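# Observations on the three-dimensional arrangement
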Amino acid sequence: MDAKELLKQVRKIEIKTRGLSQNIFAGEYHSAFKGRGMMFSEVREYQYGDDIRDIDWNVTARQNHPYVKVYEEERELTVMLLVDVSGSSEFGAAGVEKRQMIAEISATLAFSATQNNDKIGALFFTDKIEKFIPPRKGKHQILLIIRELINYQPQSRGTDIAQALRYFTDALKKKCATFLISDFITDKDYRRELTMARNKHDLMALQVYDRRDAQMPDVGLMRVLDLESGASRWINTSSSRARKAYDKWWYDRQQHMSQTFKSCHVDYASISTDEDYVKSLMALFRSRGR
């Protein structure tokens, strides 16, 4: 993509997503993270109704009476976008390409963060760590992230979510509000790393998928290409047996993904490339703001 076309694409996404963040997400974004970015303030004596998880056991032992830690809400957060840029993100059949929707979602979140005076950073990954953009404030930072999302050419095409989570957990010492954005089409397990990241950061997952990921069309003999491995094969999509097998594969994959997030206590949303991602994001934010 030449510079002129790139600037045009960046501007188009900026206009759309900045308006969304200003007019729609202003309240939802803040309420979703209110009280979640906390800093230690003081200790005081335990009172009825206090959360026992806030008990300071060291002070309690010294005073022979229960004391709890008191926290203050941090005015500013650090927001990180962990973005899957593997080969499968280039797929788009029923809607826009997954990568395009991921760019729009990321830009909307970034502009929302800036309105809240938060820092925003990004980590692009495949089965390698492709690019790390340290968190900073300002419009220039947002436009840098959008430009890279549109134009970045990854060195690899596979997917390794566990490696990305390990790198992120090691690189960011301060607690972050974090969005893990991927289609989650991978056979590599990432439950352990997801738990570690969730224990340290405020982590959410956004699955961006294409309807054709979820269902095989009945169009006769079709050549299928794996965008990550490069392998291809012919499939008779008119075979009801083949379509049922594919449906089961997708259902089992979605169930496994859902159970992984739930067991690790990670909030998530699944968003199809042919639907309005605004509704899904607002539903996720509102569920967290209750």
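Just above, that's the structure.
Predicted model only: the values in this text are computed from it and were never measured. (Residues numbered from 1 in each chain as written. Predicted model: local features only at pLDDT ≥ 70, side-chain atom pairs only at ≥ 80, totals over all residues. Heavy atoms only, no water.)

## Things to note about the overall build of the chain
- What the chain contains, in helices and strands, is 10 helices and 10 strands.
- Split into buried and exposed, the 290 residues of the chain put 46% on the buried side.
- Restricting to contacts in the chain with at least 6 residues of sequence separation, those with at least 24 account for 75%.
- Surface exposure of the chain reaches about 15,500 Å², of which carbon and sulfur atoms provide 48%. (Helix = DSSP H or I, 4+ residues; strand = E, 2+ residues; numbered from the N terminus. Buried < 20%, exposed > 50% of the residue type's maximum accessible area, 1.4 Å probe, protein only. Contact = heavy atoms within 4.5 Å. Areas by Shrake-Rupley, 256 points an atom, 1.4 Å probe, with all protein chains shown as cover.)

## With respect to the environment of Gly19
- Take Gly19: it is sitting in helix α1 (residues 3-23).
- Taking the relative accessible area as the measure of exposure, Gly19 reaches 22% and is therefore partly exposed.
- Here the alpha-carbon distance between Gly19 and Thr108, two residues 89 residues apart in the chain, equals 8.6 Å.

## Observations regarding the pairing of strand β8 (residues 221-225)
- Summarising the sheet, β8 and strand β9 (residues 232-236) pair through 5 bridges and their orientation is antiparallel. Across the sheet, the residue bridging to Arg223 is Trp234, located in β9.
- Joining the antiparallel neighbours β8 and β9 is a turn of 6 residues, in which Gly230 adopts a positive phi near 85°. (Pairing = 2+ DSSP bridges.)

## Quick look at the pattern of salt bridges
- In total, this model carries 11 salt bridges according to the counting rule given.
- Residue Glu90 pairs with Arg157 through a salt bridge whose shortest N-O separation is 3.0 Å. Of this pair, Glu90 sits in the loop between β3 (78-84) and α4 (98-115) while Arg157 is found in the loop between α5 (139-151) and α6 (161-171), placing the two residues 67 residues apart along the sequence.
- Judged by its relative accessible area of 30%, Glu90 is partly exposed.
- Assessed through its relative accessible area of 33%, Arg157 is described here as partly exposed. (Salt bridge = Lys/Arg side-chain N within 4 Å of Asp/Glu carboxyl O.)

## Focus on helix α7 (residues 191-200)
- For α7, the complete set of buried residues consists of Glu193, Leu194 and Ala197. Along the axis of α7, the buried positions cluster into a sector of 100°, meaning they face one direction only. Looking at α7, the residues exposed on the side facing more than 90 degrees away from the buried face are Arg192 and Asn199.
- As for α7, its buried residues are in contact with α6, β6 (177-182), β7 (202-209) and α9 (240-263). (Arc of directions from axis to C-beta.)

Any functional reading would require information beyond the geometric quantities listed.
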